[in-house]
Amino acid sequence: MKTLDKKLLRDLRLIWSQALTIALVVGSGVAGFITSFSAYDALAWSRDLYYADARFADVFASVKRAPLSLEPQLQAMAGAAHVETSQAQIVPVTIDQVADPISGLLLGLDPLLPQRLNQVHLRSGRMISSHPTGALEVLVSEGFAVARQLRPGARLSALINGRRETLLVTGIALSPEYIFAGLGGSPDQRGFGVFWMDKRALAAAYHMEGAFNQVAVRLSPGASEGAVIDQLDRLLARYGGNSAHGRDLQMSNAMLSSEMAQQKVMGTVLPSIFLAVAAFLLNVVLGRQIATQREQLAALKALGYDNRAIGLHYLKLVLLIVALGVALGLGLGALLGHLLVGVYEDSFRFPDMRFRLRPDLVLVAVGATLLAAVAATVNAIRATVRLAPAEAMRAPSPGIFRPMLIERWSLKRWSSPALRMVLRTMSRRPLRTGLTVLGVAMSMAIVISGSFMRDSVALLMDTQFRQALRGDVVGALLEASPARVLYEAARLPHVTAVEGMRSVSVRLVNAQHSWRGQLVGKPPQPELSRIVDLDRHALAPPRDGLLLTDRLARKLGLQVGDRVRVELQEGRREVLELPVSGTVHEMLGMNAYLQRASLNRLLREGDLVNSFTLAVERGFEPGLLQKMQALPRLGVVFSKASMARNIEDVTVGNLLMLTSVLTAFAIVIAVGVVYNNARIALAERAWELASLRVLGFTRSEVSAILLGELAIEILLAMPLGMGLGYLLSAGIVSQIQTDEFFFPFVIAPSTYAFAAVCVLLAGVVSALIVRRRVDGLDLVSVLKTRE
């Protein structure tokens, strides 16, 4: 082994604890990068492979009822490679000994013919029979089957067009249309399931023989999606066509794309912070290491070692620390990546979803880390190798110092000698002090950025399920019905209040901007299903205009007072112009509201409703739900309590994992910054501290001088960390926002307190470790040290 390599190992042994903390910071950054981008890669790879194998459609449309004779015209659309029609119906589903309401989506499937688009993948069991005997045979979506512990052979019942039918589960299946299967975009796999049954049986149950109500289109290479959507809308218009759209608005694909975008943000922002902190620590530690070895450098040069050999020696020191960090990061990243992919398997259902550590991800992680480390230390190494031997033999020139402000302003009597010593040390090295404060502040910011999502989810849940939806049960009718159904609902046992709504599919147009969605008619002063903004203020729907979600208004380029073209997609499909009466800052979806009576008038119909909300006496909801599931005109019934509970069960576990990982990473940063700064301060001031001990200072007094600097830096870092945490969290939220979903940004005081406690604990642990070294100073050997 070469002499310099022996020296390298000896140096590493002397600074092993500092090297380890730096390696942990590096490893945290690498692990964060690998975790996020490997999860992104798993989702992207699984999506692309499954979409291609299952021939996932590009354009989707629903229609009230269209004849199969329309299929040749659909197939002839310019830009359409394949068109497939089908039937779909929403029904209430009942499972024995399960009181919670369940909604099922029945999809028609021909077991004798291969599907050209959106092919169903059988995971277990067998395919349904074309001629079943007895119960209706169905395939059930895997997510719902797992959540409800259903296996082939299980039986349940559904209210199909007013008749209670028994469903026999023959198999568990997947479809590219329902990778994410939830009602209205919520991750409620316990309350919503997809069921595939023989299309002839489904058609007969709803008197839809020779008709369809769903269309899927696969585009030809190079075809225009917008042009195909326009053609599809024109062909389906007379049959009650409703909002043809591309993959971007297909619920499952939109939720998947949103999660992938979030992982890209997390995998870019947070590792950058870790690498920046690691670069700072490497610079400081290497600078101190070189400063304490000036005489050794002079001796090495005198013995004939050239600048290249000495520079390479110190570069090896940096690279060994970085290599250890990269190795730790790759291992931890692979472990966390496996765990995160496992979490995704519960929400996104693919035939094959696996974690893989791609070589290019490893190369990017290693390359970025090495680049940051070399860039942080190259100047210190360059200055070292240029140092002449005679200059290196001399001690560094003392710095030029000036009195502090408290000394110039005659405020010394207000501070103790120990405090002045601490402040003097900090003021003489402002850059290092500032970077230490910044490093600790960034660790606090990371804790906040990982914890604030709990506050945001809590606000979202409170706003949606307590402020906006004040009722207990929501029901959707199969068809718009006279408002007297509200009186019938009010007579149900233990119902204390009822509120009806009317919604209709519309297309809003302003110049070149357009949007397809639902126009919702509400009572003049809704109480059970309110319109609530982000500030929890309830708004009333206008009588003669539209109240739009602010994101929808921006999308359409509209302001209050402007007029917008409203193309009704039901009834006579009239085209109207209505003023924009106001906007509302809602969290979920893009919505348009007006009073129900006004919507009835625009549709030229009587007082009709197609959904309602009920308030129920406490404790009587389960019995009411069972009674409602037998009502023939109801399509979907859901309980606010069960939906909120199911959503919280999913989100709480995911957020706990995210918060725990980021908190652990942040503590690593805090310990790394505080501990390294304390060790360097101890090495630099060992002679001074030993002198104070000889002069009669106690161990506690000497430790207070050294650790007081760390305490002040941590205290300075806290308000800065709160501000940086706010900005970092706001930046993350801005990157994951979509038109359909506004993630509320709120940071509770408890989150700031939690972050502060984490940083304080990291500081205390670091201080205790350094305190032991201070207590163990060998006064004789330290005082003999030449400075």
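Residues numbered from 1 in each chain as written. Predicted model: local features only at pLDDT ≥ 70, side-chain atom pairs only at ≥ 80, totals over all residues. Heavy atoms only, no water.

Points about the nonpolar core
Argument step 1. Core analysis: the largest hydrophobic core is formed by 101 residues, its most contacted members being Leu270, Ile446 and Leu706.
Argument step 2. Among residues more than four places away in sequence, those in contact with leucine 706 are Ala678, Ala681, Leu682, Leu689, Val770 and Val774. (Core = buried A, V, L, I, M, F, W, Y, C linked by side-chain atoms within 4.5 Å. Buried < 20%, exposed > 50% of the residue type's maximum accessible area, 1.4 Å probe, protein only. Contact = heavy atoms within 4.5 Å.)

Here we look at unusual backbone geometry
Argument step 1. Not every positive phi belongs to a glycine, and arginine 55 is a case in point at roughly 55°.
Argument step 2. Relative to the helices and strands, arginine 55 resides in the loop between α2 (16-53) and β1 (59-67).
Argument step 3. One non-glycine residue with positive phi stands out, namely glutamine 149, at about 55°.
Argument step 4. As for its placement among the helices and strands, glutamine 149 is situated in the loop between α4 (142-147) and β7 (155-160).
Argument step 5. Glutamine 149 gets classed as exposed once you look at its relative accessible area, which sits at 65%. (Helix = DSSP H or I, 4+ residues; strand = E, 2+ residues; numbered from the N terminus.)

Description of the pattern of salt bridges
Where charged atoms from two side chains of opposite charge approach closely, those side chains can pair.
Argument step 1. Counted according to the given criterion, the structure contains 26 salt bridges.
Argument step 2. The closest approach of N and O atoms between glutamate 567 and arginine 507, which form a salt bridge, is 3.2 Å. Of this pair, glutamate 567 sits in strand β18 (residues 563-568) while arginine 507 is found in strand β13 (residues 495-510), placing the two residues 60 residues apart along the sequence.
Argument step 3. For arginine 596, the salt bridge identified is with aspartate 607, shortest N-O distance 3.0 Å. Residue arginine 596 is found in helix α17 (residues 596-602), and its partner aspartate 607 is found in the loop between α17 and β21 (608-616); the two are separated by 11 residues along the sequence.
Argument step 4. Taking the relative accessible area as the measure of exposure, aspartate 607 reaches 42% and is therefore partly exposed.
Argument step 5. When salt bridges that share partners are traced, they join Asp41, Arg356, Arg358 and Asp360 into one network. (Salt bridge = Lys/Arg side-chain N within 4 Å of Asp/Glu carboxyl O.)

Some points on a nonpolar patch on the surface
Argument step 1. A surface patch of nonpolar side chains, about 440 Å² in accessible area, is lined by Trp16, Leu20, Leu24, Leu324 and Leu328.
Argument step 2. Taken together, the elements giving at least two residues each to the nonpolar patch come down to α2 and α9 (307-347).
Argument step 3. The element that contributes the greatest number of residues to the nonpolar patch is α2, accounting for three residues.
Argument step 4. Assignment of secondary structure puts leucine 324 in helix α9.
Argument step 5. Residue class for leucine 324 comes out partly exposed when judged on its relative accessible area of 38%. (Patch = residues over 30% accessible without salt bridge, like charges linked within 9 Å, V, L, I, M, F, W, Y side chains within 5 Å. Areas by Shrake-Rupley, 256 points an atom, 1.4 Å probe, with all protein chains shown as cover.)

Some points on the packing of aromatic side chains
Argument step 1. For the structure on display, the rule yields 10 aromatic pairs.
Argument step 2. For the ring pair tyrosine 50 and phenylalanine 350, a centre distance of 6.4 Å and an interplane angle of 75° mean the geometry is edge-to-face. With tyrosine 50 in helix α2 and phenylalanine 350 in the loop between α9 and α10 (359-385), the pair connects residues that are 300 residues apart, well separated along the chain.
Argument step 3. You can call phenylalanine 350 buried: its relative accessible area is 4%.
Argument step 4. Where tyrosine 51 meets phenylalanine 56, the ring centres are 4.3 Å apart and the plane angle is 35°; that geometry is what we call tilted. Across the pair, exposure class does not vary: tyrosine 51 and phenylalanine 56 are buried alike.
Argument step 5. Each member of the aromatic cluster is reached from another via a ring pair, and the members are Phe33, Phe37 and Tyr40.
Argument step 6. For arginine 454, the ring lying beneath its charged end belongs to phenylalanine 754, and the centroid distance is 5.7 Å. (Phe/Tyr/Trp six-rings, centres within 6.5 Å; stacked < 30°, edge-to-face > 60°. Lys NZ or Arg CZ within 6 Å of the ring centre and 35° of its normal.)

Quick notes on the side chain of glutamate 177
Argument step 1. Looking at the element boundaries, glutamate 177 is found in the loop between β8 (163-174) and β9 (192-198).
Argument step 2. One polar contact links glutamate 177 to asparagine 118, side chain to side chain, over a distance of 3.5 Å.
Argument step 3. The contact partners of glutamate 177, leaving out residues within four places of it in the chain, are Phe56, Phe60, Asn118, Gln250 and Ser252. (Polar contact = N/O pair within 3.5 Å; in protein donor to acceptor, adjacent residues only side chain to side chain.)

A few points about the packing of helix α14 (residues 430-468) against helix α20 (residues 699-736)
Argument step 1. It is the contact of α14 with α20, at a shortest axis distance of 6 Å, that shows an interaxial angle of 45°. Classified by the angle their axes make, α14 and α20 are oblique. Where α14 crosses over α20, the two elements pack in a sense that is right-handed.
Argument step 2. Within the contact of α14 with α20, the residues separate by chemical class into 20 nonpolar, six polar and one charged. (Axes fitted to C-alpha atoms, helices over the stretch in contact; angles between N-to-C directions. Parallel < 35°, antiparallel > 145°, perpendicular 65-115°, else oblique. Left-handed = near helix turned anticlockwise from the far one by under 90°. Nonpolar A, V, L, I, M, F, W, Y, C, P; charged D, E, K, R; others polar.)

Re the packing of α20 against helix α21 (residues 749-775)
For any two helices packed against each other, one specifies the crossing angle of their axes together with the interaxial distance.
Argument step 1. At a closest axis distance of 10 Å, the pairing of α20 and α21 adopts a crossing angle of 155°. Between α20 and α21, the angle is such that the two are roughly antiparallel. You can see that α20 and α21 cross each other, and the crossing is right-handed. Where α20 abuts α21, its residues Arg699, Ser700, Val702, Ser703, Leu706, Leu707, Ile714, Met718, Met722 and Tyr726 lie against Tyr752, Ala756, Val759, Leu760, Gly763, Ala767, Val770, Arg771, Val774 and Asp775.

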